[in-house]
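A look at the structure
Residue strings, one per chain:
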Amino acid sequence: ACYTIDLAERHPHLMVSIITPGWIKTKMTLGSGASKEPHEGTVSLLKTLFEDLHGSGYFWGSDGKRSPLHFMRNPGEPEYDGTLPSYAEGNV
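1. Quick word on the packing of aromatic side chains
Two descriptors summarise a pair of aromatic rings, namely the distance from one centre to the other and the angle between the planes of the rings. One pass over the full model with this rule turns up two aromatic pairs. Judged by centre distance (5.9 Å) and plane angle (80 degrees), the rings of Phe71 and Tyr80 are edge-to-face. The two residues Phe71 and Tyr80 agree in class, both being buried. Stacked on the ring of Tyr58, the Lys or Arg Arg66 has its end atom at 3.6 Å from the ring centre.

2. So, helix H2 (residues 43-50)
If you check which residues of H2 are buried, you get Ser44, Lys47 and Thr48. Projected onto a plane normal to the axis of H2, the buried residues spread over an arc of 90 degrees and lie on a single side. Across from the buried face of H2, at angles greater than 90 degrees, the exposed residues are Leu49 and Phe50. Each element contacted by the buried residues of H2 is listed here: strand S1 (17-19) and strand S2 (58-60).

3. Some words on the pattern of salt bridges
Taken as a whole and judged by the stated rule, the model has four salt bridges. A salt bridge links Glu51 to Lys47, with the shortest nitrogen-to-oxygen separation between them at 3.1 Å. For Lys47, a relative accessible area of 15% corresponds to the buried category. In this structure, Asp63 engages Arg73 in a salt bridge whose closest nitrogen and oxygen atoms are separated by 2.5 Å. Residue Asp63 is located in the loop between S2 and strand S3 (66-67), and its partner Arg73 is located in the segment after S3; the two are separated by ten residues in the primary sequence. Here Asp63 falls in the partly exposed class, since its relative accessible area comes to 22%.

4. Side note on the side chain of Ser67
Tracing the chain through its elements places Ser67 in strand S3. Judged by its relative accessible area of 5%, Ser67 falls in the buried class. For Ser67, the side chain forms a polar contact with the main-chain oxygen of Lys65, separated by 3.2 Å. Ignoring sequence-local partners within four residues, the contact set of Ser67 consists of Phe59, Trp60, Gly61, Arg73 and Tyr80.

5. A closer look at the confidence of the model for the protein
Residue-level pLDDT values for the protein average 90, and 93% of them are 70 or greater. Of all helices and strands in the protein, the one with the weakest mean pLDDT is helix H1 (residues 2-10) (92), whereas H2 scores best (95).

6. Re the environment of Glu37
If you trace the backbone, Glu37 turns up in the loop between S1 and H2. Separated by 15 residues in the primary sequence, Glu37 and Gly22 place their C-alpha atoms 9.7 Å from one another. Aside from chain neighbours lying at most four places away, what touches Glu37 is Ile24 and Lys25. Engagement of the side chain of Glu37 in a polar contact is seen with the side chain of Lys25, the distance being 3.2 Å.

About the cut-offs
- Residues numbered from 1 in each chain as written.
- Predicted model: local features only at pLDDT ≥ 70, side-chain atom pairs only at ≥ 80, totals over all residues.
- Heavy atoms only, no water.
- Phe/Tyr/Trp six-rings, centres within 6.5 Å; stacked < 30°, edge-to-face > 60°.
- Buried < 20%, exposed > 50% of the residue type's maximum accessible area, 1.4 Å probe, protein only.
- Lys NZ or Arg CZ within 6 Å of the ring centre and 35° of its normal.
- Helix = DSSP H or I, 4+ residues; strand = E, 2+ residues; numbered from the N terminus.
- Arc of directions from axis to C-beta.
- Contact = heavy atoms within 4.5 Å.
- Salt bridge = Lys/Arg side-chain N within 4 Å of Asp/Glu carboxyl O.
- Polar contact = N/O pair within 3.5 Å; in protein donor to acceptor, adjacent residues only side chain to side chain.
- pLDDT = per-residue confidence, 0-100.

Rendered as structure tokens:
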């Protein structure tokens, strides 16, 4: 993550992103509580490939929404806007 942010700052002409597919059901994750089907793991990838992004060096969660690097944002929660929400203040 730090490398991505550094790369985005050093090369402003590039669009650099961090993405996560989420916890995908595969043979390797069998029995570990993975909840997403493989096709559901493409949301953040498709967003970063085909949509106009509003910034470089950002982390995109499994639901395709901008997520923070310093506290947890679960899929379905509001997109991270750069400020620390009150529920996360004690978790940083």
